[in-house]
Amino acid sequence: MTVTSVDKDLDDLTLTLTADFDAPIERVWELWADPRKLERWWGPPEYPATVQEHELAPGGAVRYFTTASDGQRFPGWWRVTSVDPPTSLAFNDGFAGPDGTPVEDMPVTTVLVRLVEHVGGTRMTVRCTFGSRDEMDRLIEMGTVEGLTQAVGQMDALLASA
Amino acid sequence: MLTYNPMVVSAIPDDEVDDLFHALADATRRDIVRRSVRGELSVSRLADAYPMSFAAVQKHVAVLERAGLITKVRRGREQLVRTDPDAVRRARQALDQLEKAWRGRVNRMGDLLAEIPQTKTSANGRKR
C-alpha cells in the first residue's frame, strides 16, 4: 500500500492523508492535470468517472460525473481556488444537479493537494475539510458515492456467502 | 433533499444527526465531551473549568444530553456527566468514509503510475 499516514481531526473535521509514489513528481501531477488520467482513478471501479470540463486555473471549474452500473449518473464539480504545477492544487468538491451546475445547499468538501519530491519518488499530501458539521452530517446521511460502493460491495459479499 | 444517491448508508434519523452536529459545533461542548469520558465529573465540577456561569455550563450539558453525546448518572447527591462513546463514533463515521474513498483513490493512482510507461511526454496520449 502506498498510503503512509492518515490523520483524522474530529474537531477540525479534517482528514489528512499522506501517500508515497514511486514516480517522479511530474507524473503524479499528470494524474490530476490530465482529465483522461483523472477519470481513471477519481471514481471507484464500480462508479467510473467521466470528466467533462477540466480547467486547473484559479476560479476554473472541473465538471465530472460518475456512472453507476445501472447507468445512473452522479454529477459533481470542483471549483479550483489555487494551482501551482506540479506541487499544489486546492479546490472545493461538491455535488451537481443533472445539468452539472453546483447544487448550493449540498455538502462541499475543501481539498488541498501538495506534492513534494521524496526519496526518489513523490510524496502526496491530501487534506480534506468538511464545510461544517451540518454538511458532514449530510454526507453521513447520503453516504459518499464511495461509501455507497462499499455498502454495495458488502451486500455482494453477503449474497455470495448466503 | 437527498435525491442523489439511491441508497442510504447510515440509518441515523435526520433530526438526531442535526442535534448531534449542533452539539459538537461548539468548542466548550466538545471540551465537555472530552472531559467527561470517564464519567467522574459532576456538572458543578465541570462548571469550575470554564469562565462562564454554572447555568451556562448546565445549558451546554443539556444540549449534549439531548444529542445523546452524554448521559447523566446520579450518584448520591451528584449528577455525573458521562460521554457516550457511540455518539462520538457516529461523528467519526464521515471521516472514515472519506478515508476509505481516498485510500481507494491513492491505490488507483499507484496502479496507474505503474501502468503508464515511463516516457515523460505522454500526456494526452490515450485519448479515445
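Everything numeric here is computed off the predicted structure, so don't read it as measured data. (Residues numbered from 1 in each chain as written. Chains lettered and ligands numbered in written order. Predicted model: local features only at pLDDT ≥ 70, side-chain atom pairs only at ≥ 80, totals over all residues.)

1. Notes on helix α4 (residues 54–66) of chain B
Residue and element names in this part refer to chain B. Here α4 contains 13 residues, and its C-alpha end-to-end distance of 18 Å stays within 8% of the 18 Å for a straight helix at 1.5 Å per residue. What α4 keeps buried is the set Val-57, His-60, Val-61 and Leu-64. Seen end-on, α4 carries its buried residues on one side only, within an arc spanning 100°. Where α4 terminates, the next one or two residues include Gly-68, which has phi positive at roughly 80°. (Helix = DSSP H or I, 4+ residues; strand = E, 2+ residues; numbered from the N terminus. Expected span 1.5 Å × (residues − 1). Buried ≥ 20, exposed ≤ 12 C-beta atoms within 10 Å, placed from the backbone. Arc of directions from axis to C-beta.)

2. Observations regarding the sheet that holds strand β1 (residues 3–9) of chain A
Residues and elements named next belong to chain A. Judged by pairing direction, the sheet is antiparallel, and its eight strands sit side by side in the order β1-β2-β8-β7-β6-β5-β4-β3 without closing on themselves. Of all the strands in the sheet, just β1 and β3 (49–54) have a single pairing partner and so form its edges. Each neighbouring strand pair of the sheet contributes to a mean axis angle of 20°, computed without reference to strand direction. For β3 and strand β4 (residues 61–67), the ladder comprises five bridges, and the chain directions are antiparallel. The residue of β4 that forms the bridge with Val-51 is Tyr-64. Against the sheet, helix α1 (residues 25–33) contacts β2 (14–21), β6 (88–95), β7 (108–118) and β8 (121–130), and its axis sits at roughly 160° relative to β7. (Pairing = 2+ DSSP bridges. Axes fitted to C-alpha atoms, helices over the stretch in contact; angles between N-to-C directions. Contact = placed C-beta atoms within 7 Å.)

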